[in-house]
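Each chain is listed here by its residues.
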Amino acid sequence: MNNNNIKLLVFSVFIGLFSTVTYWIGYYQNNHGFDSVIQKTKWEPVNFVLDHLLNSYVDSLSSEKLKQDAIRNILKELDPHSNYIPAEDRVSANESLLGHFGGVGIRFMILRDSLTVVDVIKGGPSEKQGIQKRDRIIKINNDSVASTGLTNEDVLKKLKGKIGSKVLLTIKTAENKLVEKTIVRDVIKLKSVAAYGMIDEHIGYIKLTTFSSSTDKEIVTALNSLKEKGMSKLILDLRFNGGGYLHQAIHVADQFLDKHQMIVYTKGAHTKKESQFASEKGAFKSGDLVILVNSTTASASEIVSGAIQDHKRGVIIGRRTFGKGLVQSPLMLEDSSEIRITTSRYYTPSGRSIQKPYGDSINYEEDLFNRISNGELSNIDSVSKDQSKGGIWPDIFSPIDTVEYSSTLYNLIYSRAWRDYCFDYYEKKPTPKTSNIKRFYEQFRMEKSDLNEFLKEQKIETNIKTEEFNEFNKSMKLELSSYYFSENARYIINTFDDDDVKLAKEYFANKGLRQ
């Protein structure tokens, strides 16, 4: 057989094999879904609908918004806590967990459309450039910020930025001098331990507002400092703490529990059971412990509370906690947006699931209002301790204050007008009569004539009750303490007239006070 015939034979065989292969590829594509060649996924109908909407809908649609809405609605149908975070919001959404951001190191308020410095972080970039309380910021990078309609979000976008970057501030000082300051942005830490101190000879107090990446270090620092000052009893305030990192909750609980005691375990349909135990390390393994909780105490806070309660290491005082027992895992998408999907449930050492009920027939967002209306927050007879409702039930119930105040006056205390009035008072008297927080609390009293003048300006009847005047006086103490001392001083001031704290002190004095 000559070479030409051999080549012809080989070519014919190749054509035959190629035809056979392509035939079977086509056959399996059409009849069996031959995934290794062209995969027809189960999500094709979804992609088809989205593309069809973009190309055929009566009005123009944004592909980005359509994508985000689709993801949000899918997650919304699963559970109340799986969620989607757009790329532009991801950094700010994670700041409280990371425990820091790039900024200039001031606390500000918008006082009658004037951007006013109310506190300067010690050692921060603004303090290094001489910026002080009561300074007004007129311009940021030569853009005027002395305008009507200025919002906190507008200011934050201008002041925050990459660490090491510069921002030019035009300042009007308290002495009415105009100066320019170039601030180099630096790391601004967000403390999860908002305040701590001794509120009695042997009673320490720690206010924990979140569980961030630095919580473990902060809680140890606070505990060691209080022990050096003679603390033998501790009040850990977890009210209004919505949670944070699971591993940080484990670190906090570890400060109080004995070695090998279980703290929490998690499990889900696609995750194996994982149990976490206390170590031999811990800054407050012995000593009386009270944890304060309320209806907004959630997630990581409930892990700590549940572990302490199950092991009878301490006493929980307050109202039933929120009831968030679902663990979310973050996943960053290609466009830098993020989804947080629920991957497991967490359980207390005794096996309790803290998650409150949710589903199509339940209005999840109305739960707190239901607790108020059914008397659960104010009447011990309405406290059922039904575990199916979710949350951690307190060992000692502490009702909310139900004293009847005028709704007009009550709303006024939380108004911008009252906040501005308190700052005006501070500007007139920028130096407190004492540097001791407790003495300030005991000695300060506003003049009733001053309050009457303010009420007249607000066109409100000035014939107020004694208990209403006391509420205004207490509110002014809290506002002024954040200007005279620090933002966190208000937490310490509040402990001196806090019903939950009083109940905790009573428990320490009379161990065995249980309900």
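So, a few notes on the structure that sits alongside this text. Given the structure is predicted, the values throughout are model-derived calculations rather than measurements. (Residues numbered from 1 in each chain as written. Predicted model: local features only at pLDDT ≥ 70, side-chain atom pairs only at ≥ 80, totals over all residues. Heavy atoms only, no water.)

Side note on the overall build of the chain
Definition in use: The secondary structure listing takes helices from DSSP runs of H or I that are at least 4 residues long and strands from runs of E that are at least 2 residues long, numbered from the N terminus. Note that the radius of gyration is over C-alpha atoms, with the globule rule given as 2.2 Å times the number of residues to the power 0.38. For each residue, the accessible area found with a 1.4 Å probe, counting protein chains only, is set against the maximum for its type, and the residue is called buried under 20%, exposed over 50%, and partly exposed in between. Here, two residues are considered to be in contact whenever any of their heavy atoms come within 4.5 Å of each other. Each accessible area is a Shrake-Rupley estimate made with a 1.4 Å probe; only the visible protein chains count as cover when residues are assessed.
Scanning the chain for helices and strands turns up 17 helices and 19 strands. Over its C-alpha atoms the chain spans a radius of gyration of 30 Å, topping by over 25% the 24 Å that the globule rule assigns to 515 residues. Counting only C-alpha atoms and orienting by the principal axes, one finds that the chain spans roughly 120 × 60 × 45 Å. Counting only residues that meet the buried cut, the chain has 40% of its 515 residues in that class. Counted over contacts in the chain with a minimum sequence separation of 6, partners at least 24 positions apart contribute 68%. Entry remark: accessible area of the chain is about 28500 Å², with carbon and sulfur atoms responsible for 51%.

A closer look at the environment of Gln 443
Residue placement: Gln 443 occurs in helix α13 (residues 437-443). Residues Gln 443 and Gln 328 lie 115 residues apart in sequence; the distance between their C-alpha atoms is 48 Å.

Some words on a nonpolar patch on the surface
To keep it simple, the criterion reads: Put simply, a patch holds well-exposed residues, over 30% relative accessible area, that have no salt bridge, with like charges counted together within 9 Å and Val, Leu, Ile, Met, Phe, Trp or Tyr side chains within 5 Å. Any Lys or Arg side-chain nitrogen found within 4 Å of a carboxyl oxygen on Asp or Glu counts as a salt bridge.
A surface patch of nonpolar side chains, amounting to about 370 Å² of accessible area, comprises Leu 54, Tyr 57, Val 58 and Leu 61. Assignment of secondary structure puts Val 58 in the loop between α2 (44-56) and α3 (63-78).

Describing the pattern of salt bridges
Scanning the entire structure with this criterion turns up 26 salt bridges. For Arg 72, the salt bridge goes to Asp 69, with nearest N and O atoms at 3.8 Å. Of this pair, Arg 72 and Asp 69 both sit in helix α3, separated by three residues, roughly a single helical turn. Here Arg 72 falls in the partly exposed class, since its relative accessible area comes to 35%.

Description of unusual backbone geometry
Apart from glycine, the bulk of residues carry a negative phi angle, and the bulk of peptide bonds sit in the trans form. Residue Arg 112 is not a glycine yet carries a positive backbone phi of 50°. With respect to the secondary-structure elements, Arg 112 resides in the loop between β3 (106-111) and β4 (114-120). A positive phi angle is found at Asn 141, which is not glycine, with a value near 50°.

Regarding the pairing of strand β12 (residues 233-237)
Let me state the cut-off plainly: Pairs of strands are assigned from DSSP output, requiring at least two bridges between the strands. The crossover handedness rule: strands pointing away from the viewer, path from first strand over the helix to second strand clockwise, crossover right-handed.
Buried residues dominate β12, accounting for four of its five residues. Summarising the sheet, strand β11 (residues 203-208) and β12 pair through five bridges and their orientation is parallel. Residue pairing for β12: Lys 207 is matched across the bridge by Asp 237. Assessed by its sense of winding, the connection that carries the chain from β11 through helix α7 (residues 215-228) to β12 is right-handed. With five bridges connecting them, β12 and strand β15 (residues 288-293) associate as parallel partners. Across the sheet, residue Lys 233 finds its bridge partner in β15, namely Asp 288.

Considering helix α12 (residues 416-428)
One turn of an α-helix holds 3.6 residues; hence residues three or four places apart share an orientation. Which entries qualify depends on this criterion: To estimate how far a helix should reach, multiply one less than its number of residues by 1.5 Å.
The terminal C-alpha atoms of α12, which comprises 13 residues, lie 18 Å apart, in line with the 18 Å expected from a rise of 1.5 Å per residue. Listing the buried residues of α12 in full gives Trp 418, Asp 420, Tyr 421, Cys 422, Phe 423, Tyr 425 and Tyr 426. Of the surrounding elements, those touching the buried residues of α12 are β3, β4, β5 (136-140), α11 (407-413), α14 (448-457) and α15 (466-484).

Some words on the side chain of Asp 119
Basically, it comes down to this: We count Lys and Arg on the positive side and Asp and Glu on the negative side, and we leave His and both chain ends out.
Residue placement: Asp 119 occurs in strand β4. Buried within the structure, Asp 119 lacks any salt-bridge partner; Lys 133 is the closest side chain of opposite charge, at an N-O distance of 4.1 Å. Discounting chain neighbours no more than four positions away, the residues touching Asp 119 are Ile 106, Arg 107, Lys 133, Ser 486 and Glu 487.

Here we look at the packing of α12 against α14
Spelled out, the test is: To obtain each axis, a line is fitted to C-alpha atoms, and for helices this fit is confined to the stretch in contact; angles are then taken between N-to-C directions over 0 to 180 degrees. Any angle that is under 35 degrees is reported as roughly parallel, and any over 145 degrees as roughly antiparallel; angles of 65 to 115 degrees are reported as roughly perpendicular and all others as oblique. Should the near helix be turned anticlockwise from the far one by less than a right angle, the crossing is termed left-handed; should it be turned clockwise, right-handed.
One can describe the packing of α12 onto α14 by two numbers: an axis separation of 12 Å at closest approach and a directional angle of 140°. Judged by the inter-axis angle, α12 sits oblique to α14. As for how α12 packs across α14, the hand of that crossing is right-handed. Each of Ala 417, Trp 418 and Tyr 421 in α12 lies in contact with α14, whose residues at this interface are Asp 450, Leu 451 and Phe 454.

Some words on the pairing of strand β13 (residues 262-268)
Counted residue by residue, β13 has five buried out of seven residues, so it is predominantly covered. Between β13 and strand β14 (residues 271-277), which pair antiparallel one after the other, the connecting turn spans two residues. In this sheet, strand β18 (residues 338-347) lies alongside β13 in antiparallel orientation, the contact comprising three bridges. Pairing of Lys 267 across the sheet is with Arg 345, part of β18.

Side note on the environment of Leu 159
Inspection of the secondary structure puts Leu 159 in helix α6 (residues 152-159). Contact partners of Leu 159, with chain neighbours within four places excluded, come to Gly 103, Val 104, Ile 106, Phe 108, Ile 140, Leu 169 and Arg 185.

Regarding the sheet that holds strand β19 (residues 396-397)
By way of backbone hydrogen bonds, the strands of a sheet pair with one another, either parallel or antiparallel. Strands sit in the order β10-β11-β12-β15-β16-β19 across an open sheet of six strands; the sheet is mixed. Edge positions in the open sheet fall to β10 (193-198) and β19, since each of these has one partner strand only. With respect to the sheet, helix α9 (residues 300-310) is in contact with β15 and β16 (315-318), its orientation differing from that of β15 by roughly 140°. Of the strands in this sheet, β11, β12, β15, β16 and β19 touch helix α17 (residues 499-509), which is tilted by about 160° from β15.

Comments concerning the packing of aromatic side chains
In plain terms, the rule: Ring geometry is summarised as follows: Phe, Tyr and Trp rings, the Trp one being its six-membered ring, pair when their centres sit within 6.5 Å, and such pairs are stacked at plane angles under 30 degrees, edge-to-face over 60 and tilted between the two. By definition here, charges over rings are those cases where NZ of Lys or CZ of Arg is within 6 Å of the ring centre and within 35 degrees of the ring normal.
According to the stated counting rule, one finds 20 aromatic pairs in the structure shown. Seen in terms of ring centroids, Trp 418 and Phe 472 are 5.1 Å apart; in terms of plane orientation they differ by 75°. Their pairing is edge-to-face. Of this pair, Trp 418 sits in helix α12 while Phe 472 sits in helix α15; the two residues are 54 residues apart in sequence, bridging distant segments of the chain. Note on Phe 472: relative accessible area 1%, which makes it buried. An aromatic cluster is present here, built from Phe 423, Tyr 425, Tyr 426, Phe 440, Phe 444, Tyr 483, Tyr 484 and Phe 485 joined pairwise through their rings. Across the ring face of Tyr 441, the terminal group of Lys 477 is positioned such that the distance to the ring centre comes to 4.2 Å.

Digging into the packing of α7 against helix α8 (residues 246-254)
Put simply, the test is: Each residue gets one label: Ala, Val, Leu, Ile, Met, Phe, Trp, Tyr, Cys and Pro are nonpolar, Asp, Glu, Lys and Arg are charged, and the others, such as Gly, are polar.
The N-to-C vectors of α7 and α8 enclose an angle of 20°; their axes lie 9 Å apart at closest approach. Between α7 and α8, the crossing angle belongs to the class labelled roughly parallel. Where α7 crosses over α8, the handedness of that crossing is right-handed. Along the contact surface, α7 presents Thr 215, Asp 216 and Ile 219, while α8 presents Gln 248, His 251 and Val 252. Partitioned by chemical class, the residues of the contact of α7 with α8 number two nonpolar, three polar and one charged.

Read these as geometric descriptors, not functional statements.
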